[in-house]
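In case you want the letters, here they are:
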Amino acid sequence: MNICVFGAASSEIDDKYIKAVELMGETLAKSGHNLVFGAGGQGLMGAAARGFKKGNAKITGIIPAFFKDADIEEIYEECDELIYTDSMRERKAKMEELADAFIIVPGGIGTFEELFEVLTLKQLGRHKKAIVIYNVDGYYDAMESMLDHSIEEHFVKENCKMLYSVFADLQSMIDYLEADIQVDFTVGNIE
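Residues numbered from 1 in each chain as written. Predicted model: local features only at pLDDT ≥ 70, side-chain atom pairs only at ≥ 80, totals over all residues. Heavy atoms only, no water.

Things to note about the pattern of salt bridges
Reasoning step 1: Counted according to the given criterion, the structure contains 11 salt bridges.
Reasoning step 2: A salt bridge links Glu 81 to Lys 58; the shortest N-O distance between them is 3.5 Å. Of the two residues, Glu 81 sits in strand β4 (residues 81-85) while Lys 58 sits in the loop between α2 (43-54) and β3 (59-64), which places them 23 residues apart along the sequence.
Reasoning step 3: The exposure class of Lys 58 is partly exposed, given its relative accessible area of 40%.
Reasoning step 4: Here the salt bridges do not stand alone but share partners, grouping Glu 22, Arg 50 and Lys 54 into one network. (Salt bridge = Lys/Arg side-chain N within 4 Å of Asp/Glu carboxyl O. Helix = DSSP H or I, 4+ residues; strand = E, 2+ residues; numbered from the N terminus. Buried < 20%, exposed > 50% of the residue type's maximum accessible area, 1.4 Å probe, protein only.)

As structure tokens, this is what we get:
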């Protein structure tokens, strides 16, 4: 399975996140999975890539050409395939196209945006791919509370939470992904 990992590019984050995501990548690779990601060499993108590399997986990095030209982000140099796009929008579209499933690890604004885009697309019936949030050390607890509040206030339909799953335990997350449980909801049939 090609797994798209969305996560932080920052190199200033706590090492507990780096270690957890690197182990995640290695464990997934040893289970026969490959990585599709934003090609970053630092932060949790780099950690995921190093982990998948340790497990001998294929690594496909996708990055806008202007990142290289403007020296915005260090590129992970050991990608088996490196795809350059013209824009961030094309980058995300290519990652979504190549992915069989999505894992969201801790991250910032860009990661949140990627999560909510694939979640929205699934809600609209544009894909049926698994979406999981790897909640390392409770990082996404506050976001889950925000979504619960949005449901309570009727901004989000309650069944929307069935479109993704949150895991703190790595093996449980992998078991879920490998079970390939797809939820066939769209705006029209979520009640």
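Quick notes on the sheet that holds β4
Reasoning step 1: Strand order in the open sheet formed by 7 strands is β4-β3-β2-β1-β5-β6-β7, and the pairing between neighbours is parallel. On the outer flanks of this sheet lie β4 and β7 (165-167), each paired with one strand and no other. Ignoring strand direction, the axes of neighbouring strands in this sheet form an average angle of 25°.
Reasoning step 2: Pairing between strand β1 (residues 2-6) and strand β2 (residues 34-37): 3 bridges, direction parallel. The partner of Cys 4 across the bridge, within β2, is Val 36. (Pairing = 2+ DSSP bridges. Axes fitted to C-alpha atoms, helices over the stretch in contact; angles between N-to-C directions.)

What about α2?
Reasoning step 1: Helix length check: α2 (12 residues) gives 17 Å between terminal C-alpha atoms against 16 Å at 1.5 Å per residue, within 8%.
Reasoning step 2: Residues Gly 43, Leu 44, Met 45, Gly 46, Ala 47, Ala 48, Ala 49, Gly 51 and Phe 52 constitute the buried set of α2.
Reasoning step 3: Taken together, the buried residues of α2 touch β1, α1 (15-30), β2, β3 and α4 (88-98).
Reasoning step 4: Backbone geometry just after α2 places Asn 56 at a positive phi near 65°. (Expected span 1.5 Å × (residues − 1). Contact = heavy atoms within 4.5 Å.)

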